[in-house]
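Remarks on the overall topology
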Amino acid sequence: MPCQPRSDTLIFFVNGRKVTERNADPEVTLLTFLRKNLGLTGTKYACGRGNCGACTVMVSKHDPVSKKIRHFSVTACLVPICSLYGAAVTTVEGVGSIKTRLHPVQERIAKSHGTQCGFCTPGMVMSLYTLLRNHLQPSEEQLMEALGGNLCRCTGYRPILESGKTFCVGSNGCQQKGTGKCCMDQRENLSSSLDRKSDICTELFAKEEFQPLDPTQELIFPPELLRMAENPEKRTLIFYGERVTWISPGTLQDLLELKAKYPEAPLILGNTSLGPAMKAQGRSYPILLSPARISELSVVMKTSDGLTIGAACSLAQVKDFLTESISELSEEKTQTYQALLKHLRSLAGQQIRNMASLGGHIISRHCYSDLNPVLAVGNATLNLRSEEGTRQIPLNEQFLAGLASADLKPEEILESVYIPHSQKWEFVSAFRQAQCLQNALPDINAGMRVLFKEGTDTIEDLSIAYGGVGTATVSAHKSCQQLLGRRWNELMLDEACRLVLDEVSLPGSAPGGKVEFKRTLVVSFLFKFYLKVLQELKMLVRLFSMPDSSCYPEISDGFLSALEDFPVSIPQGVQTFQRVDSHQPLRDPVGRPIMHLSGLKHATGEAIFCDDIPRVDKELFMALVTSTRAHAKIISINFSEALELPEVVDVITVEDIPGTNGTEDDKLLAVDEVLCVGQVICAVVAETDVQAKRAIEKIKITYEDLEPIIFTVEDAIKHNSFLCPEKKLEQGNIKEAFEKVDQIVEGEVHVGGQEHFYMETQRVLVIPKTEDKELDIYVSTQDPAHVQKTVSSTLNIPINRITCHVKRVGGGFGGKVGRPSVFGAIAAVGAVKTGHPIRLVLDREDDMLITGGRHPLFGKYKVGFMNNGRIKALDIECYVNGGCMLDDSELVTEFLILKLENAYKIHNLRFRGRACKTNLPSNTAFRGFGFPQGTLVTESCITAVAAKCGLPPEKIREKNMYKTFDKTIYKQAFSPETLIRCWNECLEKSSFHSRRRQVEEFNKKNYWKKKGIAIIPMKFSVGFAATSYHQAAALVHIYTDGSVLVTHGGNELGQGIHTKMLQVASRELKVPMSYLHICETSTATVPNTIATAASIGADVNGRAVQNACQILLKRLEPIIKKNPEGTWEDWIEAAFEQRISLSATGYFRGYKAFMDWEKGEGDPFPYYVYGVACSEVEIDCLTGAHKKTRTDIVMDACCSLNPAIDIGQIEGAFIQGMGLYTTEELQYSPEGVLYSRSSDEYKIPTITDIPEEFNVSLLPSSQTPLTIYSSKGLGESGMFLGSSVFFAIADAVAAARRERNAAEDFTVKSPATPEQVRMACADRFTEMIPRDDPKTFKPWSIPVA
Ligand SMILES: Cc1cc2nc3c(=O)[nH]c(=O)nc-3n(C[C@H](O)[C@H](O)[C@H](O)COP(=O)(O)OP(=O)(O)OC[C@H]3O[C@@H](n4cnc5c(N)ncnc54)[C@H](O)[C@@H]3O)c2cc1C
Ligand code: FES
Ligand code: FES
């Protein structure tokens, strides 16, 4: 093998310390380098694609053009270390630390309750920190922009935003500032008698306590780097890696020579296109050319006719240049710039805009490119350069299609882009529609330009280009040519739509699907452009007082609503809760909004998650090999090639399992047969994660397909393929009741599944010990005892040899109840076989592919009712798609049947449910456990009744709601008193009735935008319907210095259970929380625990902690009595002297849950959580987009243990529910492959998706006898309240359909994506598009529910 030449030394700084890397590997990203080489684990991996912001760090560079230091946020997962030559990197560890000094950003995010699981927090901190480094007092708009690229799955963003707002201009502590109102005003305005009481509080944190921001304390740009920048190295730097060589020339001439020498080598700028593409295709380029040090590519030139922007300028810089030009030039010249700017605001998140270059964007020619369609219609020119010289090519259709004659030559580079000014009588617009407002790739976009003959409405020139409708940006050139000379009127529009639909045709099987939606948007965008131009033409003509202005078609007022896009607004809101009794001692923390115990550690990156544990001696890495077939016989597995790769140690197969391979139904590793794509077959163990992942590509598996292959509920029913028997509940006599009703409606509801998308993917570290077959397992799980048990049976060793440790979990939501045991067991087999510790960290894609999620549901209902809206009979049949294994599907089916009645008393009911067995990954527990899907059927049915009765849905809800003490369908007695209170409070707080009228008024005036409002009640049963789950234990030790160690059976998932437990222990022991500590959850300290799930974690564990503390206090009582003036430390010392045990186990034997399914009777749940949410939305009927105007939630939390945590749970669950019902869409191929398995395709809500006004109040003065201090578990219930957004959207759609005389009853489909909404708002454009006969093509994706 030839000897590798010596690399240059890579020099950069991290947190003020110099990094000198002599063997920099171009394939290593900054994220890997920080975590593995520098041990800076505060920066997290969550998606690896630049989409989630968990890995955000700040990069500071000397700008050779402006000669200033630029600070900008980047996603470290996409930054190759070699690109950092001469840069300074600041990570969360460099910002501040608990050990030294907290930065105000860190302090405020924690104290504002902006952290739950804390996995997103370092990224949030870094985005905020970078913002403050650039703007000491940012505006709220800048704040939103800075956080737009950071995802959080727990908090619902509100508290994060609140913490950021404390730095904003004019921040005065009022959480509603910026509106001209104040939260205090709102409290006064609220007519509710309860709010006038002084025991109601709206402050979850005390802003006055925050330390001020002191910019003098920030790290300075390293002087050494400044010297390097002032004296730039002109020499070419080369970094040789194992597979890739990185060449960074110092001059333009050198770059051109290198490009001529290596014509195939790509230029690497932001790596936001190359990086993800190389990862997805598993390929690498042998040579990468980095033009980062060549200032000529970053030059910007303003001329009298246009703007020339250097190809290496970042999109964020382009945004700034355009903003500047727009402010300097007359409006007529900036049409193209304004259109570009519009798209730049919503293109990706801030970090990506900081990294991605204009040149990289253009040259990548992604079919979804937001800028290329606008640049193309705006007649932009590409300035190319090679050793031969310079030349210009137009950025036109041929270039975008990649035609060789119109493209760069291999030896050429793009130097800059010239974008001409627009001229008078010229109009340019940009359009875009994505799954959500921001940080989502567009489904379809467009750039449109028209030039009129001066002073007329006659088209002189027209260009239209679309993205997302083919493999490249597509131009409607022929259509435009045919329209030249036409006048700008309705006739022209009709003709244009016809021509464009013909030219920009999209086959039924087009990749990406959504074909009819995209076709509709092709013409809807055209219509918007038509109206916009018409309006501007009219204004122009009026401006010049031209005589024939009257000949332009009128735009009716109602149609003007088509013109505005939804702006990004700054969310506001108030959180109300009951203050603790004024007699409660100050030291007693129960009921107070105490910060999450780990909050500060989350914010400084010092909180250790499973994969942050430093590499242990001889550790190996595991990667999983999964099935690529949905149902097939495994014919052979050949891993010889994989084993030949360097650093590969072993392949773990089913033969290596010493004990049992899971259960008959749920195997750890597939044997002989695979049941779904993504099923684990075997695993590779290697010295590095990179080699383990490369090796799995080399494993050859041959299959023989088996029949049947079932993916959908429909097919499962056809094949009688079910996982368990039908579950049924019935009351009254529905047959008779249906005969006596005035009307009957039948309908169908389809609810899509949901991916947990916990920010921390599944991870486990198994460390085998040398003695007695002992194993230590560090695992991210909600149920360590289950992992322990599964590992025990897999290895055939007793449970007592295995200790599972859970420090904290980066989000679970049900997805870490069952699956971690499978990963733990496979890793344990690897550990025992190799004798080495094994680390298994799933990539986001693998996590999404392998682990199932929420069950998709298909529901059918038949409802009989009187004309006044009283429902007399209801028959609902639900089918959930359980996937290929039972997992929790039977329990989920039971739960959804038990909970289906929601808040309604209907005398004659029949609920039936079945779990379908399909060839998809097994679906599993997810927050709400069937309730959010099932109850959508019930509420849809109510909405349908309302439509038939001609009454508003809230009237039907109110009429049929439980009113007095009663029994549920399964005969459990309960009182709905607080449900009614929540309903009335919510009606009042949301000013529902007056807003309903305003909505109607708005809808009368606007044709293309419609508003909708909905108020949804909820009765949510808490807990498991099995007695064994209602128990918990705790172990409390008091040490001789008086400090107390608390352990209990609950796991910290972000829900703040440890904080609540210490609040309980503090009250019971009467010592401040600072005396108390929780180290971890471990099966060695508290055995035989139940999963932390079903909202009862704090209930049961709280009682166990209480019990242990009471036992201890009882033991201390004689000592305290003897020395009442003594201190805690005195008493503990005395107790030790007197040989009193200072350690106690607490135990809680909880609720006796029972359910007799034969009789359909039981007492399955200890109590109910009641809540009501009212949401208002506005939809754009032409695009299907929506904005959430306002949400009000009233929740019965009884006596909250910690209002900050509980409100956080409600808000977080609500936003997660909103995601389920509006944006989170799982797409499967007809072969059962999950397409949407990355953060690119699967969209959880971002900060711009939360309601503009979001108010949450906890119902005061409510009690429940069964729980600790009369508190309630609120982990799951808020999820369903997200459906208020769904029903508000449905309300708006119904208004549109009414106006268009379309049938009001349409099949309900969740999520209500822009596609669903647009297609439901049937109009002339939906009618215009061609529709394919489903039999004539194979769709890109299939619905599975
Ligand atoms: C999370 C995420 C979200 C995104 N969202 C959107 C979105 O909403 N809308 C959208 O339109 N785009 C989106 N993008 C795409 C993004 O705009 C492009 O990836 C980016 O602009 C590419 O620029 P880059 O500098 O990173 O290119 P690189 O990845 O560095 O390079 C890309 C290609 O360009 C070539 N190249 C670069 N510069 C030159 C040059 N000067 N001369 C010749 N060839 C050159 C390279 O050879 C390479 O082939 C998103 C990307 C990510 C990662
Ligand atoms: S953006 Fe880097 S891990 Fe998600
Ligand atoms: S706190 Fe944001 S992801 Fe958990």
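Rules of the game
- Residues numbered from 1 in each chain as written.
- Chains lettered and ligands numbered in written order.
- Predicted model: local features only at pLDDT ≥ 70, side-chain atom pairs only at ≥ 80, totals over all residues.
- Heavy atoms only, no water.
- Core = buried A, V, L, I, M, F, W, Y, C linked by side-chain atoms within 4.5 Å.
- Buried < 20%, exposed > 50% of the residue type's maximum accessible area, 1.4 Å probe, protein only.
- Helix = DSSP H or I, 4+ residues; strand = E, 2+ residues; numbered from the N terminus.
- Contact = heavy atoms within 4.5 Å.
- Near = heavy atom within 4 Å.
- Polar contact = N/O pair within 3.5 Å; in protein donor to acceptor, adjacent residues only side chain to side chain.
- Areas by Shrake-Rupley, 256 points an atom, 1.4 Å probe, with all protein chains shown as cover.
- Nonpolar A, V, L, I, M, F, W, Y, C, P; charged D, E, K, R; others polar.
- Pairing = 2+ DSSP bridges.
- Axes fitted to C-alpha atoms, helices over the stretch in contact; angles between N-to-C directions.
- Salt bridge = Lys/Arg side-chain N within 4 Å of Asp/Glu carboxyl O.
- pLDDT = per-residue confidence, 0-100.
- Patch = residues over 30% accessible without salt bridge, like charges linked within 9 Å, V, L, I, M, F, W, Y side chains within 5 Å.
- Parallel < 35°, antiparallel > 145°, perpendicular 65-115°, else oblique.
- Left-handed = near helix turned anticlockwise from the far one by under 90°.

1. Describing the nonpolar core
Counting residues in each nonpolar core, the largest one holds 259 residues, and the members touching the most others are Tyr466, Trp488 and Trp1128. Ranked by residues supplied to this core, first place goes to helix 20 (residues 515-543) with 16 residues. In contact with Trp488, other than residues within four places in its own chain, are Val450, Phe452, Asp457, Ile459, Leu462, Phe529, Tyr530, Val533, Leu534, Leu537 and Pro553. Ranked by size, the runner-up nonpolar core spans 74 residues in total, among them Leu30, Phe72, Ala76 and Tyr337.

2. Details of the site of ligand 1
Residues in close proximity to ligand 1 total 35 residues, the closest being Leu269, Thr272, Leu274, Ser357 and Asp370. At 2.9 Å, a backbone N or O of Ser273 approaches an oxygen atom of ligand 1. A distance of 2.6 Å separates an oxygen atom of ligand 1 from a polar side-chain atom of Ser357. Relative to its free-state accessible area of 990 Å², ligand 1 is covered by the protein chains to the extent of 94%. Where the shell around ligand 1 is concerned, the elements lending two or more residues are helix 15 (358-364) and strand 14 (413-420). Residue classes in the shell around ligand 1 are distributed as 20 nonpolar, twelve polar and three charged.

3. Quick notes on the sheet that holds strand 7 (residues 237-240)
Read from one edge of the open sheet, three strands run 7-8-9, paired in mixed fashion. The strands lining the two open edges of the sheet, one partner per strand, are strand 7 and strand 9 (287-289). For this sheet, the mean angle separating the axes of adjacent strands, direction not counted, is 15 degrees. Bridge analysis of strand 7 against strand 8 (residues 245-248) gives four bridges, and the strand direction is antiparallel. The residue bridging Ile238 from the neighbouring strand is Ile247, located in strand 8.

4. Topic: the side chain of Asp1180
Here Asp1180 shows up in strand 45 (residues 1167-1180). There is a polar contact of 2.7 Å between the side chain of Asp1180 and the side chain of Lys528.

5. Description of the pattern of salt bridges
Counting across every chain of the model gives 79 salt bridges. Arg391 serves as the salt-bridge partner of Glu412, at 2.6 Å between the closest nitrogen and oxygen. Pair noted here: Glu412 is in the loop between helix 17 (397-400) and strand 14 and Arg391 is in strand 13 (residues 389-394), with a separation of 21 residues, a long-range link. Note that Asp966 and Lys905 form a salt bridge whose closest N and O atoms lie 3.3 Å from each other.

6. Quick word on the environment of Ala1296
Structurally, the position occupied by Ala1296 is in helix 39 (residues 1283-1299). Judged by its relative accessible area of 0%, Ala1296 is buried. Sequence separation of Ala1296 and Gly1012 is 284 residues, and the distance between their C-alpha atoms is 9.9 Å.

7. A look at helix 29 (residues 889-899)
Helix 29 sits mainly inside the fold: nine of its eleven residues count as buried. Those residues of helix 29 not exposed but buried are Ser889, Val892, Thr893, Glu894, Phe895, Leu896, Ile897, Leu898 and Lys899.

8. A look at the confidence of the model for the protein
When pLDDT is averaged along the protein, the result is 95, and 97% of the positions lie at 70 or above. Here residues 173-196 is modelled with pLDDT under 50, and outside its nearest four sequence neighbours on either side it reaches 53 contacts, counting other chains as well.

9. A look at a nonpolar patch on the surface
There is a patch of nonpolar side chains on the surface, built from Val65, Val299 and Met301 and spanning about 240 Å² of accessible area. Inspection of the secondary structure assignment puts Val65 in the loop between strand 3 (56-62) and strand 4 (69-75). On the basis of relative accessibility, which here comes to 45%, the residue Val65 falls in the partly exposed class.

10. A word on the packing of helix 30 (residues 931-949) against helix 31 (residues 953-960)
Following both chains from N to C, one finds helix 30 and helix 31 inclined at 115 degrees, their axes separated by 8 Å at the closest point. In terms of orientation, helix 30 and helix 31 fall into the roughly perpendicular class. The interaxial crossing formed by helix 30 with helix 31 has right-handed handedness. Each of Glu939, Ile942, Thr943, Val945 and Ala946 in helix 30 lies in contact with helix 31, whose residues at this interface are Pro953, Ile956 and Arg957. Of the residues contributing to the contact of helix 30 with helix 31, the split by class is five nonpolar, one polar and two charged.

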